[in-house]
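Observations on chain architecture
Residues per chain, in single letters:
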Number of protein chains: 2
Amino acid sequence: MVKKIPKPSLARLPKYYQVVTSYLNRKNEKYISSSYLSDCLNIDDSQIRRDLMYIEIGGIPRVGYDAKELRDVLADYLGYFNLNEAILVGVGNLGTALAEYKGFERYGLSIVGLFDSDPEKIGNLVGNLKVDNIENLEQVIKKFNIKIGIITTPARYAQQIAEKMIKANIKAIWNFAPVTLDIDEDIFIQDENLAENFSFISHYLKETEPEKE
Amino acid sequence: MVKKIPKPSLARLPKYYQVVTSYLNRKNEKYISSSYLSDCLNIDDSQIRRDLMYIEIGGIPRVGYDAKELRDVLADYLGYFNLNEAILVGVGNLGTALAEYKGFERYGLSIVGLFDSDPEKIGNLVGNLKVDNIENLEQVIKKFNIKIGIITTPARYAQQIAEKMIKANIKAIWNFAPVTLDIDEDIFIQDENLAENFSFISHYLKETEPEKE
DNA sequence: AACATTCTGTGAATTTAAACACAAAAGGGG
DNA sequence: CCCCTTTTGTGTTTAAATTCACAGAATGTT
Ligand SMILES: NC(=O)c1ccc[n+]([C@@H]2O[C@H](COP(=O)([O-])OP(=O)(O)OC[C@H]3O[C@@H](n4cnc5c(N)ncnc54)[C@H](O)[C@@H]3O)[C@@H](O)[C@H]2O)c1
Ligand SMILES: NC(=O)c1ccc[n+]([C@@H]2O[C@H](COP(=O)([O-])OP(=O)(O)OC[C@H]3O[C@@H](n4cnc5c(N)ncnc54)[C@H](O)[C@@H]3O)[C@@H](O)[C@H]2O)c1
């Protein structure tokens, strides 16, 4: 590998993917330019060209990047073409929303197992999956060699579930519970803290409209 | 204002809030140190001290920061003590999950109105709110002077709904639809692109387990 | 009371990311 | 075929963020 892609660059790639995908759907153009992407996303155009140099794609001066090729190279680089099978634990409101969401397909994510501890939920059909007993978690993960675990249980159970997942050889965890998981092993943790992200809004509003003190 | 807080620092503050809050719940200690926070969050301790200098809090050498004070200063700085009333448009799976979620309360977020265009949904009770007709959106926002709009409709309606919200004087939008909203006005947009964040996982798995080509 | 320890606060150095600026390529028009 | 425009690719500069390193404050210990 020549040079590792910087984290901020990696974070921008899915945005390019989104733009180029909708560009291909709406327009009938073969090429897309960095300045077009720049306008859509408010990102410096030289920044975009530099980002695209990390993935294996070349553009044509005066013309742009081949849009289809760009889309596919991005998808490949981001792993969307891989089959990413995941199991999900905690089939509550949020877990159900994720399980039934069709939009993950184009990112290669396929949720293939649902688990809960609530007897009322076990056996129910969600999406087209039957909710399984949490006790079968390790067994199923191992049997189907699942690499991705999604946690949508209340925060206080998240740590123990993460540990169970890891014992069963999960490689990455998508954690929606508002806790910082304490993990030693070399597991990839992606925390999705919605309430935390709301802070940007509340802080912004506080800044711009200071209440009288 | 002496110096504006850098974006990455602001993004870390909610994490400190989370840790200090659970620290206060679990332990009976008056003080918390930057090295403790550092251990919990894997963030350099001098980084943490620097971040905390942006908000108005002083620590005591050899002792640490007053934990209760730190929690409250963070909460205040992030606007959690303000009443942040929001309306939500698109009462589907995700919208329902957000509307029924109790955890937002401690961040000052209160969802006070739900809107949908589907006649089957209008009139339903979700959480303890009745789903209102999308046609009443502008009127309600204006009447109650709502500042925050949450979008959980399919992506293709997001732009028009954002425009309606802005016409009614919304100041910040929390957008869960996977599109980049095209907005001229000075409105704060917080995009929450879950599928995009999944990319970090799929890219990581691709990197670490390269399939034979 | 001297000393060791542990923490904060902060300049200074280092690293990383973003922006600038321009050469060179590609294509169109006259 | 020459000139003009647009766009890529990248060396260089600038800016931002992180880490280092240590002085100085508070406290306990012998
Ligand atoms: N709903 C939201 O909008 C939202 C927003 C931000 C964060 N979150 C977080 O996401 C998580 C889920 O939220 P929710 O609203 O879906 O909650 P929920 O109560 O609707 O669902 C939780 C589910 O987890 C199951 N569960 C509990 N303990 C379990 C265990 N040990 N093993 C297996 N399953 C178990 C419960 O039976 C339930 O079905 C929570 O951690 C919450 O803080 C949710
Ligand atoms: N569910 C998830 O886990 C998930 C994950 C990532 C992104 N998203 C995004 O969140 C959004 C909602 O997802 P969902 O799964 O809840 O979808 P959903 O289909 O369950 O809900 C969408 C709701 O929006 C309503 N709606 C449609 N057009 C409307 C309009 N013009 N005005 C008002 N209401 C309207 C529909 O009636 C429906 O109730 C989508 O943009 C989706 O891409 C969802």
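Above this text is the structure in question.
My aim in this report is to walk through the structure given alongside it, one point at a time. All chains use their own residue numbering, which begins from 1 and follows the written sequence. Chain letters and ligand numbers both follow the written order, the letters beginning at A and the numbers at 1. Selection of residues for local features in this predicted model requires a pLDDT of at least 70, selection of side-chain atom pairs for listing and counting requires 80 or more, and totals for whole chains, interfaces and linings are taken over all residues. Only hydrogens and water are removed before side-chain values are computed, so all heavy atoms of the structure are retained for them.

For the rest of this paragraph, the subject is the sheet that holds strand β3 (residues 84-89) of chain A. All names here are of chain A. Two strands are said to pair when DSSP picks up at least two bridges between them. Only DSSP runs of H or I with at least four residues qualify as helices, and only runs of E with at least two residues qualify as strands; both kinds are numbered from the N terminus onward. Pairing is mixed across the open sheet formed by seven strands, whose spatial order is β5-β6-β4-β3-β7-β8-β9. The sheet is open, and its two edges are formed by β5 (125-126) and β9 (188-191), each paired on a single side. Strand direction decides the pairing type here: β5 and strand β6 (residues 129-133), joined by two bridges, are antiparallel. Bridge assignment links Leu125 to a residue of β6, and that residue is Lys130. Residues are treated as being in contact if the distance between any of their heavy atoms lies within 4.5 Å. To get an axis, a line is fitted to the C-alpha atoms, and for a helix only the part in contact is used. The angle between two axes follows their N-to-C directions and goes from 0 to 180 degrees. Sheet strands in contact with helix α7 (residues 155-167) are β3, β7 (148-151) and β8 (172-175), and its direction is about 170° off that of β7.

A word on the packing of aromatic side chains. Working definition: rings of Phe, Tyr and Trp (its six-membered ring) pair if their centres are within 6.5 Å, and the pair is stacked with planes under 30 degrees apart, edge-to-face with planes over 60 apart, and tilted otherwise. Under the definition given, this model contains 18 aromatic pairs over all chains. Of the aromatic side chains, those joined through ring pairs into one cluster are Tyr101, Phe104, Trp174 and Phe176 of chain A together with Phe198 of chain B. In this analysis the charged atom, NZ for Lys or CZ for Arg, is taken to sit over a ring once it is within 6 Å of the ring centre and within 35 degrees of the ring normal. Its guanidinium or amino end placed over the ring of Phe200 of chain B, Lys7 of chain A lies 5.4 Å from that ring's centre, counting from NZ or CZ.

This paragraph deals with the site of ligand 2. Around ligand 2 lies a shell of 25 residues, among which Tyr101 of chain A together with Leu94, Asp116, Lys121 and Thr153 of chain B are the nearest. Proximity is defined per residue: any heavy atom of the residue falling within 4 Å of a molecule or strand makes that residue near it. Looking at the residues close to ligand 2, they fall on chains A and B. The backbone of Ser117 of chain B places a nitrogen or oxygen atom 3.3 Å from a nitrogen atom of ligand 2. Note that an oxygen atom of ligand 2 is positioned 3.0 Å from one of the side-chain N or O atoms of Lys121 of chain B. Methods summary: accessible areas were calculated by the Shrake-Rupley approach with a probe of 1.4 Å, and residue burial reflects only the protein chains presented. Surface burial for ligand 2 is 85%, taken as the share of its 820 Å² of free accessible area covered by protein chains. Pairs of N or O atoms within 3.5 Å make up the polar contacts considered here, provided that, within protein, one atom can donate a hydrogen while the other can accept it, and that residues adjacent in sequence are counted only when both atoms are side-chain atoms.

Moving on to the protein's contact with DNA strand C. Lining the immediate surroundings of DNA strand C are 26 residues, of which Ser34, Arg49, Arg50, Met53 and Gly59 of chain B lie closest. Close to the protein, within 4 Å, the atoms of DNA strand C are drawn from sugar and phosphate at a rate of 57%. Contact distances for DNA strand C include 3.2 Å between a base nitrogen and a side-chain N or O atom of Arg50 of chain A. At 3.3 Å from a sugar or linking oxygen of DNA strand C is found a side-chain nitrogen or oxygen belonging to Arg62 of chain B. Every element with two or more residues in the surface near DNA strand C is listed here: α1 (7-26) and α3 (45-54) of chain A together with α3 (45-54) of chain B. Just so you know the grouping, Ala, Val, Leu, Ile, Met, Phe, Trp, Tyr, Cys and Pro go in nonpolar, Asp, Glu, Lys and Arg go in charged, and all remaining residues, Gly too, go in polar. Grouping the amino acids of the surface near DNA strand C by side-chain chemistry returns 10 nonpolar, eight polar and eight charged.

Each salt bridge in this description consists of a side-chain nitrogen of Lys or Arg and a carboxyl oxygen of Asp or Glu lying within 4 Å of one another. One pass over the full model with this rule turns up 13 salt bridges over all chains. In this structure, the salt-bridge partner of Asp45 of chain A is Arg49 of chain A, at a minimum N-O distance of 3.2 Å. Of this pair, Asp45 of chain A and Arg49 of chain A are both found in helix α3, four residues apart, which corresponds to roughly one turn of the helix. Residue Asp45 of chain A is classed as partly exposed on the basis of its relative accessible area, which comes to 29%. Between Lys206 of chain A and Asp76 of chain B there is a salt bridge whose closest N-O contact spans 3.5 Å. Of the two residues, Lys206 of chain A sits in helix α8 (residues 194-208) while Asp76 of chain B sits in helix α4 (residues 67-78), which places them in two different chains. The classification of residues rests on relative accessible area computed with a 1.4 Å probe and restricted to protein chains. Under 20% of the type maximum is buried, over 50% is exposed, and intermediate values are partly exposed.

It is worth spelling out the protein's contact with DNA strand D at this point. With respect to spatial proximity, 26 residues lie near DNA strand D, and among them Ser34, Arg49, Arg50, Met53 and Gly59 of chain A are the closest. In the interface set of DNA strand D, defined as its atoms within 4 Å of the protein, sugar plus phosphate atoms amount to 55%. Take Gln47 of chain B: an N or O atom from its side chain is 3.1 Å from a sugar or linking oxygen of DNA strand D. Contact distances for DNA strand D include 3.1 Å between a base oxygen and a side-chain N or O atom of Arg50 of chain B. Only α3 of chain A together with α1 (7-26) and α3 of chain B provide two or more residues apiece to the surface near DNA strand D. The residue makeup of the surface near DNA strand D, split by class, is 10 nonpolar, eight polar and eight charged.

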